[in-house]
Amino acid sequence: MSFKSLGLSEPLLRAISKKGYETPSPIQAKAIPPVLEGKDVLASAQTGTGKTAGFTLPLLHYLSENPKQKFRPIRALILTPTRELAAQVYANVKEYSEFLNLRSAVIFGGVNQKPQIATIRQGIDILVATPGRLIDLQSQGALSLKRIEVFVLDEADRMLDMGFLRDIERVMKLMPEKRQNLMFSATFSKEIKKLAYSILNNPVQVEATPENTAVEVIEQKVYRVAKSKKTGLIIKLISDGNWKQVLVFTRTKHGANRLCEKMKKAGISAAAIHGNKSQGARTKALAGFKSSKIRVLVATDIAARGLDIPLLPHVINFELPNISEDYVHRIGRTGRAGASGEAISLVSADETTYLRDIQKLIDTKIPVEIVEGFEPDPNASTEPIKQGQNANRNRGRNSNSNKSVKSKNSNRNKNRNRRRNNDKRN
Ligand code: ADP
Ligand code: MG
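Residues numbered from 1 in each chain as written. Chains lettered and ligands numbered in written order. Predicted model: local features only at pLDDT ≥ 70, side-chain atom pairs only at ≥ 80, totals over all residues. Heavy atoms only, no water.

Under the annotation held in an unreviewed UniProt entry, the protein chain carries the name DEAD/DEAH box helicase and is attributed to Winogradskyella immobilis. The UniProt entry for the protein chain carries this comment under Sequence similarities (unreviewed entry): "Belongs to the DEAD box helicase family." (UniProt positions renumbered as here; feature names shortened; annotations may be inferred.)

K.L.:
How should the sheet that holds strand β10 (residues 270-273) be read in this particular structure?
P.N.:
Neighbouring strands of a sheet are bound in pairs by backbone hydrogen bonds; such pairs are parallel or else antiparallel. In space, the seven strands of this open sheet follow the order β10-β11-β9-β12-β13-β8-β14, with parallel pairing throughout. Because the sheet does not close on itself, it has two edges, and the strands there are β10 and β14 (368-369). The sheet contact formed by strand β8 (residues 218-224) and β14 spans two bridges and is parallel. Pairing of Tyr-223 across the sheet is with Glu-369, part of β14. (Pairing = 2+ DSSP bridges. Helix = DSSP H or I, 4+ residues; strand = E, 2+ residues; numbered from the N terminus.)

K.L.:
Looking at this structure, how should I read the site of ligand 1?
P.N.:
The environment of ligand 1 is formed by 16 residues, the closest being Tyr-21, Gln-28, Gly-48, Lys-51 and Thr-52. At 2.9 Å from a nitrogen atom of ligand 1 is found a main-chain nitrogen or oxygen belonging to Thr-23. Within the backbone of Gly-48, an N or O atom sits 2.6 Å from an oxygen atom of ligand 1. Alone, ligand 1 offers 570 Å² of accessible surface; in the complex the protein occludes 79% of this. (Near = heavy atom within 4 Å. Polar contact = N/O pair within 3.5 Å; in protein donor to acceptor, adjacent residues only side chain to side chain. Areas by Shrake-Rupley, 256 points an atom, 1.4 Å probe, with all protein chains shown as cover.)

K.L.:
Honestly, the pattern of salt bridges in this entry has me stumped. Any pointers?
P.N.:
Any two side chains of opposite charge can pair if their charged atoms end up close together. The tally for this structure, following the rule as stated, stands at 14 salt bridges. Put simply, Asp-125 and Arg-72 hold a salt bridge, and the shortest N to O gap is 2.5 Å. With Asp-125 in the loop between α5 (114-121) and β4 (126-129) and Arg-72 in the loop between α3 (51-65) and β2 (76-79), the pair connects residues that are 53 residues apart, well separated along the chain. The exposure class assigned to Arg-72 is partly exposed, which follows from its relative accessible area of 22%. Asp-240 is the partner of Lys-236 in a salt bridge, and the nearest nitrogen-oxygen pair spans 2.8 Å. Placement of both Lys-236 and Asp-240 in helix α11 (residues 230-240) is noted, with a separation of four residues, approximately one turn of the helix. Its relative accessible area of 31% is what places Lys-236 among the partly exposed residues. On the basis of relative accessibility, which here comes to 56%, the residue Asp-240 falls in the exposed class. (Salt bridge = Lys/Arg side-chain N within 4 Å of Asp/Glu carboxyl O. Buried < 20%, exposed > 50% of the residue type's maximum accessible area, 1.4 Å probe, protein only.)

What follows is the structure, given as structure tokens:
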């Protein structure tokens, strides 16, 4: 299978080879043909499997092969849940369209809207946007979606998790009824199917499950440790192991900041990434981490999800997530593309229930170790940190992205509420 045999045009093939891709990934091979045929498509495949090119390449092909002369109304809209993802998708659009006569722009909140409006005014074919800023600029009359021919909903599961359903519905009303719709998602839950049903017309459904699922190639380890000794232990692990690119998860924004400061004091370059950080700070942190200038990136779940940070050797859960499914998403950041990785969790007594639930979800007993000098506190309570939030933990949302992850029970509403609470914190 080659990109050429998928029927993509010469300028696209040139951009693809410039990017260094040799063969289409499984989800690309499955999604590109029906998108090229103009069909509505629902595609699901794990994070990191190349979904962006799966919709961008055929979209660019269509737009360039069917040019609109004279003026440029916005013909394609790509909706993504976060600023980082919007920027990432936009960067891809730019790269793949390098040899085509197409113009694109990206808009998201948290930055000055004036330059965004100015770019749109000049005429663009493709708009990458987050829902908030899109609706904002549309209602100001700065842009029109009346000429949209292709609508892409990227990271659809994340969109739902972040509570963007209403916004999506609003955006849909702004577009002409006759259009092509594409929906891409990492997971394939009942909610996603429901959303797909309301957005897509006779969709072709494609899925790709990697042979080696994440959990199987990731070496998981739990360190039992006293809560007060976690910072000391994480610094020791990173220093002793001389680990270079470490993604650390904390449960709260403040926790992320605090840990980041302590790391820096210990001489380990670190940056935090979460919802309270300015766009500039987040972009800078991510760039520093990717280029290995920053050794440790401390993130909350929301901030990290969907980010394209390839092949991380080490992921550390400074705290376990209270939603078991987030554990799977977190450790999915290591061992991507089949390379092996290590996922470490620092677990204090009050996280015992979380650990039990996670092990139940992934159907695996994670090996436990204790490091001398960082022993768990024998007197600490095993009660979860916040009572009342823990009922019906981790049920439902069966993620298709992982074979070995089994969701045994379903209690979606409660889970969604918990998630909403979590989002506020992130
Ligand atoms: P997803 O949206 O599925 O999480 P991305 O589209 O962000 O994945 O792609 C993940 C990484 O894989 C990116 O770094 C991208 O450049 C790379 N990639 C995508 N397609 C290919 C390909 N065909 N060959 C090699 N690398 C690819
Ligand atoms: Mg993606």
